[in-house]
Structure formats: C-alpha cells, structure tokens
Amino acid sequence: MRHPLIISALFLLFACEGEDPSKATPVDTDDTSAEDSGDVVDGWSIQPVDTGDGGVQGRIGISPAGQRMVVYWNPVPREDGICDEVTNDPPPRIRYELRFATVDSGQWQTELIDEPTIAFTPNGLDLTFDADGVPNVAYTGGAPSGQYCGSNDAYIAERGAAGEWSMTAAATESGQSNTGEPASDAGFVVGLWPSLAFDRAGVPAVLHKDAHFGSLQRDDAFRADMELALGNGGGWDHVAVDIGEGAGDFGQLLFDDQDRPVAVYAVPVDSTKDPRLGYWAARQEADGNWTRIYLHAGLPTHRVAAGFAPGSGELVVAFYSVEDQAARLRRLPAGADFDDSGAWSDELVASNRYDEGRDVSLAFRSDDSVVLAYHRCVLLSDGVGDCNINDEALILAEEIEGGWDIQEVHAVQGQSCGRYASVVVDTDDRAHVAFTCDGNGLYVASEGG
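Quick look at the structure, then. Predicted, not measured: the structure shown is a model, and the values here were computed from it.

**A few points about the overall build of the chain**
Scanning the chain for helices and strands turns up two helices and 32 strands. The principal-axis extents of the C-alpha atoms in the chain amount to approximately 60 × 50 × 40 Å. Split into buried and exposed, the 449 residues of the chain put 57% on the buried side. Considering only contacts in the chain between residues 6 or more positions apart, those separated by 24 or more positions represent 53%. Surface accessibility of the chain: about 17400 Å² in total, with carbon and sulfur atoms responsible for 46%. On the chain, the mean spot of the 28 positive side-chain charges and the mean spot of the 75 negative ones are 2 Å from each other.

**Section: the pairing of strand β5 (residues 68–73)**
Most of β5 sits out of view: six of its six residues are buried. In β5, alternate side chains face the same way, and those of R68, V70 and Y72 on one face and M69, V71 and W73 on the other are all buried. Relative to β5, strand β4 (residues 56–62) is paired through five bridges, and the arrangement is antiparallel. Along β5, the bridge assignment pairs I60 with V70.

**Describing the state of the cysteines**
Per the counting criterion, the structure on display carries three disulfides. With its sulfur 2.2 Å from that of its partner, C83 forms a disulfide with C149. Note on the C83 and C149 pair: the S-S dihedral is about 115°, so by sign convention the disulfide is right-handed. Within this pair, whereas C83 is found in the loop between β6 (78–82) and β7 (92–95), its partner C149 is found in the loop between β11 (135–141) and β12 (153–159), the two being separated by 66 residues in sequence. Judged by its relative accessible area of 10%, C149 falls in the buried class. Here C377 pairs with C387 through a disulfide, and the sulfurs are 2.0 Å apart. Residues C377 and C387 are joined by a disulfide whose S-S torsion is about -115°; by sign, that bridge is left-handed. Within this pair, whereas C377 is found in strand β27 (residues 370–379), its partner C387 is found in the loop between β27 and β28 (393–400), the two being separated by ten residues in sequence. Each bonded cysteine in the chain gets a number by its place in the sequence, and the pairs come out as 1-2, 3-4, 5-6.

**A look at the pattern of salt bridges**
By the definition in use, this model includes 26 salt bridges. Its salt-bridge partner being R328, residue D324 comes within 2.2 Å of it at the nearest N-O pair. Through salt bridges that share partners, D50, D53, E97 and R99 make up one connected network.

**A short note on the sheet that holds strand β16 (residues 225–231)**
The strand order across the open sheet built from four strands is β14-β15-β16-β17, with neighbouring strands paired in antiparallel fashion. Unpaired on one side and paired on the other, β14 (192–198) and β17 (236–242) mark the two borders of the sheet. Strand after strand, the sheet turns through a mean of 20° between neighbouring axes, direction not considered. Sheet analysis places β14 next to strand β15 (residues 204–210), joined by five bridges and oriented antiparallel. Note on β15: the bridge partner recorded for L196 is V206.

**Overview of the packing of aromatic side chains**
Tallying each qualifying case throughout the model produces eight aromatic pairs. Between F338 and W344, the aromatic rings sit 5.7 Å apart at their centres with planes inclined by 80°, giving edge-to-face as the arrangement. An identical accessibility class is assigned to F338 and W344; each is buried. A cation sits over an aromatic face here: R276 above W280, 4.5 Å from the ring centre. Above the plane of the ring of Y354 lies R376, whose end atom (NZ or CZ) is 4.1 Å from the centre.

Each value, and the rule that gives it
Residues numbered from 1 in each chain as written. Predicted model: local features only at pLDDT ≥ 70, side-chain atom pairs only at ≥ 80, totals over all residues. Heavy atoms only, no water. Helix = DSSP H or I, 4+ residues; strand = E, 2+ residues; numbered from the N terminus. Buried < 20%, exposed > 50% of the residue type's maximum accessible area, 1.4 Å probe, protein only. Contact = heavy atoms within 4.5 Å. Areas by Shrake-Rupley, 256 points an atom, 1.4 Å probe, with all protein chains shown as cover. Lys, Arg positive; Asp, Glu negative; His and termini not counted. Charge placed at Lys NZ, Arg CZ, Asp CG, Glu CD. Pairing = 2+ DSSP bridges. Disulfide = S-S within 2.5 Å. Salt bridge = Lys/Arg side-chain N within 4 Å of Asp/Glu carboxyl O. Axes fitted to C-alpha atoms, helices over the stretch in contact; angles between N-to-C directions. Phe/Tyr/Trp six-rings, centres within 6.5 Å; stacked < 30°, edge-to-face > 60°. Lys NZ or Arg CZ within 6 Å of the ring centre and 35° of its normal.

Here you go:
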C-alpha cells in the first residue's frame, strides 16, 4: 500500500468583478506516487452504501446526534406508462428514485423518499437538519403539468420518527416571486437545483432555479431566474434573487451571522448585454435588496460549494475552473464589503499533475482550516478531454500552513471513481466523504478507520 501525498503552493490572486481571474501556475512537486496508485490511503475506511442500482449526486450530512446520513438519486430511470398530464402527444413518464441511507448497527440501510417524474435527468438535491435534528431533503417534486412531463415544484421532504417521509411544496409557480417582469413571472417549472437552509429561528428557506416552461430551449435557459422561498409560519414568501438572465444552476444557500440569506450559484449562459457566464454570489440586505458579486467568469460545469468558517466567519466558495483544470477558491473575510471584488481573495488548489477539482465539496475543521473533497479526472499531460479511468480518484485536499496537503483517498484501476464528492467533518474533526465509484456505486470514506 502506498501513501500518496502532494503539497501544492497556495496561490493568492485578486480578481476584478466581471473579469476572469488570472490563471495561476501550480508549483511542481517531486512526489509522483499518486499517479498510478489504486490503493486506499492508510487511515481511511471505505463502506459501500448502495452498490445495486447505485447512487449519484449524493449529499452527506451528520445529524446533531452524530449519525451519518446520505441522500442521493438512483441513476437508473424507470418508465411508468404515459405522461397523461400532457395533452398533446404525451410522452412516456420517466421516474427516478430519490433515496436516503443511514447507518444502523454498523451497516448502511437505504429507503425510498420519493420517485418523481423527471423530464431529462435529476437536477440536484440537498440535505440538512432542522433545529430538532430531523433530516430534511430538498428536491424537485410534484406532478407534471402543461406540456412539461416532469416534476416542477420546489419540494421539501421531512423524515418522521418512524422513518416515514412527509412532503411540502415550497414553490410551485414562476409568478409567486412577482418580479414585475412578464417573462420572469410566466411559467411553472421551478424548484430546479434546490438548496435548503434554516435560519437562526428555525425557519426553512429553499433556493431554487425558475426555468419558466422548462422545455422552450433557449428562451427558458436565457430567461431563467434564481429565486428564494422563505417559510413564514404556515406559508411561503417568494423573492427573486437574480432576475431573468439565466441564473440558478448548482445553487447553495447559507445564512450569515446576521441571519441574512447568502446564495452562491452558476449562470450557465451568457448575456448579450453584460458578461454573465460563470459563478456568482448574492446576499439579501436589510432593505430586502440583493447585493451580487461576479466571482468567476468561465463555463460552470460542476456544482459550487460554500460555507462560513465557524470561528472567523470567513465566507469560502469553491468551484471547478475549466480554464485552470483545478479547484478554485474565493474567500471573503468577515466584515468585508460583499460586493468589493478586491476584498475576495482568489486561489487555486492544484497538484500540477492532474485535471482535478470537479464536483468539489467543502467543510471546515475545528480550527477553521478548509477541507475539500473532489474528483480527479486525468493527467494534465493527456490534454483537455475525457477522464481516464486509470487516473480517476477521490481526492481530499486539506489546508495547511503555506499551502495544501493533497491526498488520494480512493481509486480503483480501470474504474471511474470519486465523482459527486460530498464532505462533512464530525465533532471529532474526522472527515467523511460520500462519492460515486465502481460504475454508479455509492460509497462513504471515513477518516481514521
């Protein structure tokens, strides 16, 4: 068994708002042991969660009681008759299973949450816990309508004490946000790429993408909105975060120390007016308006991760940069101006050997150091292209003084491995990572055995 360890330098740059940050060149390393290793790194245990139909887009969480839980999609669709909600030439109804897994007596046990109709492929999910430690899952649910054969509402599923799930629709129509813009208020396909968070009072909020009619191709993509549904003690208030210019993929919702909602998300299309393609962040101010900042100009191909450091309150945003073929971090110190591009530091996390950083996820140790988990794709020497199953791996990058400690957690020669990484850190400072490997098998790697 080999123990690959790569140290790469920390690169600190400053980017102007609306401009693509300068590309940093990773420092070379003398350690080449990670190149061919297919072994599990010492100190990690790998547990299978669902290796039958498998699982993708997994999200791992640890309950206040310390129990590990994972929510994920079964990637194998099921045809279920005809989508009879569609009146003109109804297509087949395609369902995907939304699954939940938790540990019981040392073994992972899975259960079905829902099996919504999906028009194309599942568009994200989220897992978090309410004030009582109850797991809640955000996803796109509800029945098809109009000419769209797919679920099109922002749903929350809450797990009961007996393991049953109850569903609540947080948003169902484009017009609920009432932007005053006809193109933004028209339609009903909402709830895509949902993210769920609770404020300090325990009020739920769901960040989601509004794609209006969902299948008008260019118009729906370029006119999409990023919206927020906020619980009001019996119903939901709806506000638009980013109106009518394509926003909303890979959204993540946070609340800061002043209980202000902070949204981090991608805009996958470019505007004919101003540059929009890339990653953005937005914060709702006391007057209800949203302050936005353009974090990175470039094609957003994978989900974004964000979190507040528990001690310092620093906001850290991580994403995969296609241009750099590496994970990129933007950081905003607590108290700095949110919309001041110069206040956000910019750095790469890279080994200088691989195209890596896809499906990046982040967490914090108790000392505020950042822990990243992500997918390694292919050697840089092979150029830009498809991943190589002999290079792919699950990687953990841990912030250390002066740089990053980058280690291979799990790889299997001849198999795609490390996709859809999702990391959490428990109260003992141990990292746990859910990831997809071995076809579409779902696994959890736990630090310290």
